[in-house]
Amino acid sequence: MGRITRQVSDQSAGLSEGTRMGQEQDESLRMVSAAPLDAEPVSDEELRPHSLQGFIGQPRLKAQLELFLQAAQKREVPPDHILLAGPPGLGKTTLAMIVAHELGVPIRITSGPAIQHAGDLASILSSLEVGEVLFIDEIHRLPRAAEELLYIAMEDFRVDVMVGKGPGASSIPLSLPRFTVIGATTREGMLPSPLRARFGFTAHLDFYPCEELEKLIERSAAVLGIDITALACAQLSKRSRGTPRIANRLLRRVRDWAVVHDLRQVGPEDVEAALSLYQIDSEGLDRLDLAVIEAIVRSFGGGPVGLNNLSAMVGEESETVETVCEPYLVREGFLVRTPKGRVATQKAWSHLGLEAPEDVTKLF
Ligand code: ADP
């Protein structure tokens with residue numbers, strides 16, 4: 001494995017962004033959050049595959065990346081810059097590490113919020129080695145001045161270092177060795193187009209189907225030394241919201257259950273028991289998701305209901321309901337967003353054990 005350097009500033013998580021932080025804190029209380037929880041990084045590392053072969057799922061992306069890397073290796077040049085876009089927990093950091101590993105080069109890891117001034121980025125860039133991978137997580141959160149510095153560095157392999165202050169200040173161009181930026185973003189639309197245009201290869205990661213998550217859980221169980229039946233893997237995969245990070249987290253909680261109950265093998269009934277303790281139901285919905293659909297169905301007759309009323313009813317910030325619960329509820333067909341508000345679907349009514357009104361589809 002090549003050298004891994006984490007370049008994280010003291011206020012690295014972007015603590016200045018109040019609302020976002022608020023949302024992350026709310027998120028971190030949820031077992032089904034796709035964001036990493038504070039206590040997790042170490043065990044996350046043990047579960048990361050180190051080669052493209054060990055990376056489960058995303059077959060088209062893997063084939064494209066394989067070709068892209070092989071071509072660079074044959075040409076004996078560092079590959080073009082790579083942009084990885086997709087929701088949290090789907091494997092962007094893992095892929096960046098795999099790229100460095102496959103190329104046999106070191107990787108430097110930083111993030112948009114960790115870089116507070118253009119100078120922070122200039123000092124990272126000026127210390128890169130030939131061929132090194134620079135991974136910038138949440139690249140859409142880079143400060144503007146750093147973004148501009150990055151365009152030039154990515155295109156011309158050069159940084160302009162400012163010397164002196166005031167009217168006498170001048171800039172000295174410093175040439176850089178060829179390196180590869182891997183940017184990761186959960187909000188591709190927020191990236192300015194000049195930055196997007198600097199990437200030679202953009203990959204979009206999609207949510208994983210259950211069959212792929214089952215394989216991933218089997219692999220993680222083997223790494224963690226858990227004996228688990230195929231049926232139990234299938235059950236876990238159904239509750240993982242298409243997200244490897246959630247699958248690994250739920251597996252660890254099931255492991256706790258197995259340890260405490262001295263189980264030699266984990267079966268479906270153990271998954272059921274362990275996850276119901278955390279109030280995660282058979283569809284992967286947690287307490288808050290259920291509160292949202294219950295509120296629409298029971299308090300608003302199925303909808304439509306506006307976001308603010310709905311959030312007040314479940315006692316949550318509207319931003320949390322909108323960005324944390326709704327995407328999954330919409331994707332899984334429990335809820336529809338209409339111009340008049342949120343409407344519960346037939347599936348939501350039956351999930352609550354209730355009969356939907358006959359004209360439910362007329363609501364959306
Ligand atoms: P992201 O950077 O997109 O938020 P990560 O790369 O940190 O996601 O992945 C989260 C966790 O899920 C890691 O522990 C990683 O090992 C695991 N993981 C993600 N994708 C895969 C995959 N395709 N195969 C195996 N494990 C994966």
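Conventions used here
- Residues numbered from 1 in each chain as written.
- Predicted model: local features only at pLDDT ≥ 70, side-chain atom pairs only at ≥ 80, totals over all residues.
- Heavy atoms only, no water.
- Axes fitted to C-alpha atoms, helices over the stretch in contact; angles between N-to-C directions.
- Helix = DSSP H or I, 4+ residues; strand = E, 2+ residues; numbered from the N terminus.
- Parallel < 35°, antiparallel > 145°, perpendicular 65-115°, else oblique.
- Contact = heavy atoms within 4.5 Å.
- Nonpolar A, V, L, I, M, F, W, Y, C, P; charged D, E, K, R; others polar.
- Domains from an automatic or database assignment.
- Buried area = accessible area lost by both parts, 1.4 Å probe.
- Salt bridge = Lys/Arg side-chain N within 4 Å of Asp/Glu carboxyl O.
- Polar contact = N/O pair within 3.5 Å; in protein donor to acceptor, adjacent residues only side chain to side chain.

Q: Please provide a residue-by-residue account of the packing of helix α10 (residues 244-260) against helix α11 (residues 268-277), values included.
A: Between two packed helices, what matters for the description is the angle formed by their axes and the separation of those axes. Between α10 and α11, the least distance of the axes is 9 Å, while the angle of their chain directions is 105°. For the element pair α10 / α11, the angle class is roughly perpendicular. Only Asp270, Val271, Ala273, Ala274, Leu275 and Leu277 of α11 make contact with α10, whose side of the interface consists of Leu250, Arg253, Val254 and Trp257. Of the residues assigned to the contact of α10 with α11, the class counts are 8 nonpolar, no polar and 2 charged.

Q: Just give me the short version of the domain arrangement of the protein, but keep the residues and values in it.
A: Domain annotation for the protein reports domain 1 (4-204), domain 2 (210-277) and domain 3 (287-363). Across the boundary between the two partners, domain 1 contributes 23 residues, which contact 18 residues of domain 2. Here domain 1 meets domain 2 over a buried area of about 1,700 Å², counting both sides, of which 55% is carbon and sulfur. Of all residues in domain 1, Met31, Leu47 and Ile56 bury the most surface against domain 2, accounting for 37% of the area lost on that side. Here domain 1 is connected to domain 2 by 0 salt bridges. Connecting domain 1 to domain 2 are 2 residue pairs in polar contact (both at pLDDT 80 or more). With 4 residues, helix α2 (residues 41-47) is the single largest residue contributor to the side of domain 1 that touches domain 2.

Q: Lay out the pattern of salt bridges with the relevant residues and their values.
A: Within this structure, the stated rule accounts for 14 salt bridges. In this structure, Arg239 engages Glu272 in a salt bridge whose closest nitrogen and oxygen atoms are separated by 3.1 Å. Taken together, the residues span a long stretch of sequence, with Arg239 in the loop between α9 (230-238) and α10 and Glu272 in helix α11 at a distance of 33 residues. Connected through shared salt-bridge partners, Asp156, Arg158 and Asp160 make up one network.

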